[in-house]
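Residues per chain, in single letters:
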Amino acid sequence: MSEAELNIALDWAAIEGWNPGLHDAACFYAADPGGFLIGVLDGEPIASIFAVKYGVGFGFIGGYIVKPAWRGRGHGWALWQAAMARLAGRNVGLDGVVVQQANYAKSGFRLAHRNFRYEGRGTGRLGDARDIVPLSALSDEEICRYDRSFFPEERGSFLLCWVRHPHHISIGSVSGQGLTGYAVARPCRNGYKIGPLFADTPAVAERLFADLSGRLGLEQPVFLDVPELNPAAVALAERHQMQRCFETARMYTRESPELRMDRQYGITSFELG
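Counting of residues starts from 1 at the beginning of each chain's written sequence and follows it residue by residue. Note on the predicted model: pLDDT of at least 70 is required for a residue's local features to be given, and 80 or more for side-chain atom pairs to be given and counted; whole-chain, interface and lining totals, by contrast, use all residues. Note: side-chain values were computed over all heavy atoms of the structure, leaving out hydrogens and water.

The chain is annotated in an unreviewed UniProt entry as GNAT family N-acetyltransferase of Duganella vulcania.

Below, the structure written as structure tokens:
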């Protein structure tokens with residue numbers, strides 16, 4: 001896909017109810033411009049899939065959609081095979097809807113954990129935590145270094161677009177030792193999604209979440225994608241009266257990467273990991 005064609009796939013994702021971000025295309029494309037595949041039949045785009053490479057050993061599948069009128073004819077399977085061929089030799093991850101888990105297992109994917117999407121509302125109450133600063137105050141190097149505990153490979157091209165995007169709200173928690181957590185809120189077709197939300201402790205995660213919720217305004221829909229493996233993250237969402245509204249299965253073709261799941265309170269994106 002071109003970046004413009006990626007916007008077509010994101011429109012399809014919105015129709016499916018996936019609620020993509022309003023400005024996702026630019027940051028997604030920065031991750032791996034060759035990683036977005038489109039299926040075209042007689043000049044008409046009918047299917048999409050993301051097969052994004054990270055570093056030398058990891059890849060992620062997302063955005064797998066076939067337009068309803070063309071389903072059940074093998075077009076999606078052909079695109080799937082092209083995506084997996086592009087990521088051959090890598091450990092590949094995806095966040096799949098639960099009903100497709102058995103189908104992904106047939107392609108060699110194994111369940112690592114479940115993710116829960118929670119929906120809540122903004123508070124309109126600005127926080128006053130002294131450790132919270134805009135990420136613009138921190139260097140690219142510090143942000144990328146902190147992120148490496150939470151992702152299988154370096155993803156600086158994507159990450160810096162994500163945290164520096166002018167329409168995203170990006171904040172961090174700092175101490176004398178440096179960054180102790182960071183979070184990003186991005187505008188979506190409906191409300192805002194907070195992701196990632198990474199923090200060294202539950203208290204830091206609470207302050208980051210409360211700060212962003214306050215910035216988003218009273219009654220603004222707010223979504224947080226929480227890994228089930230972190231009970232403190234589930235507790236944070238439920239403490240703020242957020243309601244579980246969606247679930248995915250994180251799966252990998254090889255062993256699950258060694259990531260700091262105890263410090264992951266919000267996943268960056270179901271589409272890119």
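Visitor: Looking at this structure, how should I read the domain arrangement of the chain?
Guide: As a measure of interface size, the accessible area lost when the parts come together is often cited. For the purposes of this description, domain bounds are those given by an automatic or database domain assignment. What the domain assignment lists for the chain is domain 1 (3–115) and domain 2 (117–246 + 255–266). Taken over C-alpha atoms, the centre of domain 1 sits 24 Å from the centre of domain 2. Facing 27 residues of domain 1, the contacting portion of domain 2 comprises 29 residues. The quantity reported as buried area is the accessible area (1.4 Å probe) lost by two parts once they are put together, taken as the sum for both. When the buried surface of domain 1 facing domain 2 is broken down by residue, Asn19, His23 and Cys27 rank first, second and third, together holding 25% of it. Each salt bridge in this description consists of a side-chain nitrogen of Lys or Arg and a carboxyl oxygen of Asp or Glu lying within 4 Å of one another. Between domain 1 and domain 2 we count four salt bridges in total. The definition of a polar contact used here is a pair of N or O atoms within 3.5 Å, where within protein one atom must be able to donate a hydrogen and the other to accept one, and adjacent residues in sequence count solely through side-chain atom pairs. Counting across the domain 1 and domain 2 interface gives eleven residue pairs in polar contact (both at pLDDT 80 or more). The contact criterion used is simple: two residues touch if any of their non-hydrogen atoms lie within 4.5 Å.

Visitor: Whenever I open this one, the pattern of salt bridges confuses me. Can you help?
Guide: A side chain with one charge may pair with a side chain of the opposite charge, provided their charged atoms come close. Scanning all chains against the criterion turns up 19 salt bridges. Among the salt bridges present, the one from aspartate 211 reaches arginine 215, with a minimum N-O distance of 2.4 Å. Residue aspartate 211 and its partner arginine 215 are located together in helix 7 (residues 202–215), separated by four residues, close to a single helical turn. Take aspartate 211: its relative accessible area is 8%, and that puts it in the buried class. For arginine 215, a relative accessible area of 39% gives the class partly exposed. Shared partners join several salt bridges into a network, and the residues in it are Arg114, Glu228 and Glu247. Numbering goes from the N terminus for both helices and strands, where a helix is a DSSP run of H or I of at least four residues and a strand is a run of E of at least two. Buried means the residue's accessible area, taken with a 1.4 Å probe over protein chains only, is under 20% of the maximum for its type, while exposed means over 50%, and partly exposed covers the values in between.

Visitor: Honestly, empty space enclosed by the protein in this entry has me stumped. Any pointers?
Guide: If a probe the size of a water molecule is rolled over the atoms, the empty space left behind becomes visible. Cavities and pockets were defined on a 1 Å grid built from protein atoms only: a cavity is a group of points that admits a 1.4 Å probe but offers it no way out, a pocket is an open group of points flanked by protein on both sides within 12 Å along at least five of seven lines, and a lining residue is one with an atom within 4 Å of any such point. Grid points are joined across faces, edges and corners, and a volume is the space filled by probe spheres set on the points. Overall, the coordinates contain four cavities of 30 Å³ or more when judged by the stated rule. Put simply, the largest cavity is a space of about 130 Å³. If you go around the largest cavity, you meet 16 residues; those closest to its centre are Phe150, Arg250, Leu259, Gln264 and Gly273. Elements with a contribution of two residues or more to the lining of the largest cavity: strand 3 (58–66) and strand 11 (243–252). Residue assignment places the lining of the largest cavity across two domains, with domain 1 (3–115) and domain 2 (117–246 + 255–266) each supplying three or more. The space that makes up the second largest cavity amounts to roughly 50 Å³.

Visitor: Can you help me understand the side chain of histidine 168 in this one?
Guide: Assignment of secondary structure puts histidine 168 in the loop between helix 6 (156–164) and strand 7 (169–175). At a separation of 2.9 Å, a polar atom in the side chain of histidine 168 contacts the main-chain carbonyl oxygen of tryptophan 162. Histidine 168 has contacts with His23, Cys27, Trp162, Val184, Ala185, Arg186 and Pro187, leaving out every residue within four places of it along the chain.

Visitor: Sorry, what's going on with helix 3 (residues 75–86) here?
Guide: Given 3.6 residues per turn, any residue in an α-helix points the same way as the ones three and four places further on. One fewer than the residue count of a helix, multiplied by 1.5 Å, yields its expected span. Between its terminal C-alpha atoms helix 3 stretches 17 Å, which fits the 16 Å expected from twelve residues at 1.5 Å a residue. Those residues of helix 3 that fall on the buried side of the exposure criterion are Gly76, Leu79, Trp80, Ala83 and Met84. For helix 3, the buried positions fall inside an angular range of 135° around the axis, keeping them on one side. Structurally, helix 3 contributes buried residues whose contacts are with strand 1 (36–41), strand 2 (44–54), strand 3, strand 4 (91–97) and helix 4 (101–106). In this description, one arc is meant: the one made by directions from the helix axis to the C-beta atoms.

Visitor: Please explain the packing of aromatic side chains as it appears in this structure.
Guide: Geometry of an aromatic ring pair is reported as the spacing of the ring centres plus the angle between the planes. Only the six-membered ring of Trp is used, alongside the rings of Phe and Tyr, when aromatic pairs are assigned; centres must lie within 6.5 Å, and planes under 30 degrees apart are stacked while those over 60 apart are edge-to-face, with the rest tilted. Following the criterion strictly, the structure yields 19 aromatic pairs and no others. Taking the centre distance of 5.9 Å and the plane angle of 25° together, the rings of tyrosine 29 and phenylalanine 36 count as stacked. Between tyrosine 64 and tryptophan 80 the ring centres are 5.4 Å apart and the planes differ by 40°, which places this aromatic pair in the tilted class. Of this pair, tyrosine 64 sits in strand 3 while tryptophan 80 sits in helix 3; the two residues are 16 residues apart in sequence, bridging distant segments of the chain. For tyrosine 64, a relative accessible area of 27% translates into the label partly exposed. By relative accessible area, which is 4% here, tryptophan 80 ends up buried. Of the aromatic side chains, those joined through ring pairs into one cluster are Phe28, Tyr29, Phe36, Phe50, Phe158 and Trp162. The criterion is that NZ of a Lys, or CZ of an Arg, lies within 6 Å of the ring centre and within 35 degrees of the ring normal, and then a charge sits over that ring. We note arginine 155 situated over the ring of phenylalanine 151; from NZ or CZ to the ring centre the distance is 4.2 Å. Just above the ring of phenylalanine 116 sits the side chain of arginine 244; from NZ or CZ to the centre is 3.7 Å.

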